[in-house]
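Close look at the chain arrangement
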Amino acid sequence: MAAHKETEKRLALRLRNVAVAYERRFGFFRRQKYWALKDVSFDLYHGETLGVIGRNGVGKSTLLRLLAGIIAPDKGEIKNYGVTASLLTLQVGFVPHLTGRENAVLSGMLLGMSKREVLERMDAIREYADIGEFFDHPVREYSTGMRARLGFAVAIHVNPDVILLDEVLGVGDSIFRDKSTKSIKNLIRSQKSVIIVSHQPAMLRELCDRIVWIEKGVVQGIGDVKSVLNTYLQSLKPAVTATSDSQS
Ligand SMILES: Nc1ncnc2c1ncn2[C@@H]1O[C@H](COP(=O)(O)OP(=O)(O)OP(=O)(O)O)[C@@H](O)[C@H]1O
């Protein structure tokens, strides 16, 4: 089931033959280029939710970093039709000796807000994180779940035109997981454009209008959620699926 929202056929972003290389080091002196993305082309329209699937290490996070403007393409072109894009990821590092409040300012600014915007939203962020007095304690005292709560609370209060979500579903304990999933679903059902990387097929089936399947840095499939997801899932377990299908 798709996200039930109007998708205007108005372009937000266009990628054409985009490639990204990282430099990998071998020992002290040897360096080699590694092409994490080799040839990626697709369009993103206003209001649509595009899912990104693919095995570990095929370039999904690289794609989101590229769209957020954190890295630039080494080849190809990204055309922006006047939208702001911001990456919501829990991998933004916190500074351990600073408090949750202070880290909220830093990571909010990293995600594209001005300091004033973060300060204006601080009460809402504190309330959303719901970690009590720990909000004003150094982050080094936090549990992993508390860090996830703080990271998510900041991320959810950023308000770009295009929201890039990197595996942010399903964080924290069950209460927070429900709350964060609900917030993400609300964002997705709004008229914003969303690109979501997830390894959870059920979630993608529920939320996305289209899917892009990335394999070894190239687009292996793009289009209808059901068919692209099915083809991808089949590709993960060809032998097993053939056997279990014939038994059922
Ligand atoms: N800073 C970096 N320097 C060198 N190589 C990198 C760097 N970041 C990522 N890579 C490599 O680029 C490839 C793509 O990484 P990326 O994180 O985009 O994959 P992914 O599809 O998001 O993986 P996962 O599903 O495991 O999160 C991987 O082989 C990874 O090792």
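For the structure, check the block above.
To keep things clear, this report deals only with the structure shown in the data block. Please read all numbers here as calculations on a predicted model, not as lab measurements.

Further remarks concern the site of the ligand. Neighbouring the ligand are 14 residues; Asn56, Gly57, Lys60, Ser61 and Thr62 lie closest to it. Val58 has a polar backbone atom sitting 3.1 Å from an oxygen atom of the ligand. At 3.1 Å from an oxygen atom of the ligand is found a side-chain nitrogen or oxygen belonging to His199. In isolation the ligand exposes 640 Å². Once the protein is present, 65% of that is buried. Class assignment of the residues belonging to the shell around the ligand gives a composition of four nonpolar, six polar and four charged.

With that out of the way, let us pick up the environment of Gly47. For Gly47, the position within the fold is in the loop between strand E2 (30-45) and strand E3 (49-53). The buried category is assigned to Gly47, whose relative accessible area is 2%. In this structure the C-alpha to C-alpha distance between Gly47 and Val139, which are 92 residues apart in sequence, comes to 36 Å.

Applying the stated criterion across every chain yields a total of eight salt bridges. For Arg101, the salt bridge goes to Asp136, with nearest N and O atoms at 2.7 Å. With a gap of 35 residues between them, Arg101 in helix H2 (residues 100-110) and Asp136 in the loop between helix H3 (115-129) and helix H4 (144-156) connect regions that are remote in the sequence. Of the charged contacts in the structure, one is a salt bridge between Glu206 and Lys185, with a shortest N-O distance of 3.1 Å. Of the two residues, Glu206 sits in helix H6 (residues 201-207) while Lys185 sits in helix H5 (residues 174-189), which places them 21 residues apart along the sequence. One continuous salt-bridge network, built from bridges that share partners, spans Arg14, Arg16 and Asp43.

So, on to the packing of H3 against H5. Taken N-terminus to C-terminus, the directions of H3 and H5 make an angle of 135°; their axes are 11 Å apart at the nearest point. Between H3 and H5, the interaxial angle falls into the category oblique. Listed contacts from H5 to Glu127, Tyr128 and Ala129 of H3 are Phe176, Lys179, Ser180 and Ser183. Classifying every residue of the contact of H3 with H5 gives three nonpolar, two polar and two charged.

The next subject is the environment of Asn80. Locating Asn80 in the fold gives a position in strand E4 (residues 75-80). Residue Asn80 is classed as partly exposed on the basis of its relative accessible area, which comes to 42%. Measuring from C-alpha to C-alpha, the distance between Asn80 and Ala12 comes to 6.3 Å, with 68 residues separating the pair along the chain. Not counting residues within four places of it along the chain, the set of residues in contact with Asn80 comprises Ala12 and Leu13. A polar side-chain atom of Asn80 sits 2.8 Å from the main-chain amide nitrogen of Gly82. In this structure the side chain of Asn80 is engaged in a polar contact, spanning 2.7 Å, whose partner is the backbone nitrogen of Val83.

This part covers the pairing of E2. Of the pairings in the sheet, the one linking strand E1 (residues 11-26) to E2 comprises 12 bridges and is antiparallel in character. From the neighbouring strand, Arg24 faces E2, where its bridge partner is Gln32. Counting the residues between successive antiparallel strands, the hairpin from E1 to E2 contains three residues, one of them, Gly27, with a positive phi of roughly 65°.

Calculation notes
- Residues numbered from 1 in each chain as written.
- Predicted model: local features only at pLDDT ≥ 70, side-chain atom pairs only at ≥ 80, totals over all residues.
- Heavy atoms only, no water.
- Near = heavy atom within 4 Å.
- Polar contact = N/O pair within 3.5 Å; in protein donor to acceptor, adjacent residues only side chain to side chain.
- Areas by Shrake-Rupley, 256 points an atom, 1.4 Å probe, with all protein chains shown as cover.
- Nonpolar A, V, L, I, M, F, W, Y, C, P; charged D, E, K, R; others polar.
- Helix = DSSP H or I, 4+ residues; strand = E, 2+ residues; numbered from the N terminus.
- Buried < 20%, exposed > 50% of the residue type's maximum accessible area, 1.4 Å probe, protein only.
- Salt bridge = Lys/Arg side-chain N within 4 Å of Asp/Glu carboxyl O.
- Axes fitted to C-alpha atoms, helices over the stretch in contact; angles between N-to-C directions.
- Parallel < 35°, antiparallel > 145°, perpendicular 65-115°, else oblique.
- Contact = heavy atoms within 4.5 Å.
- Pairing = 2+ DSSP bridges.

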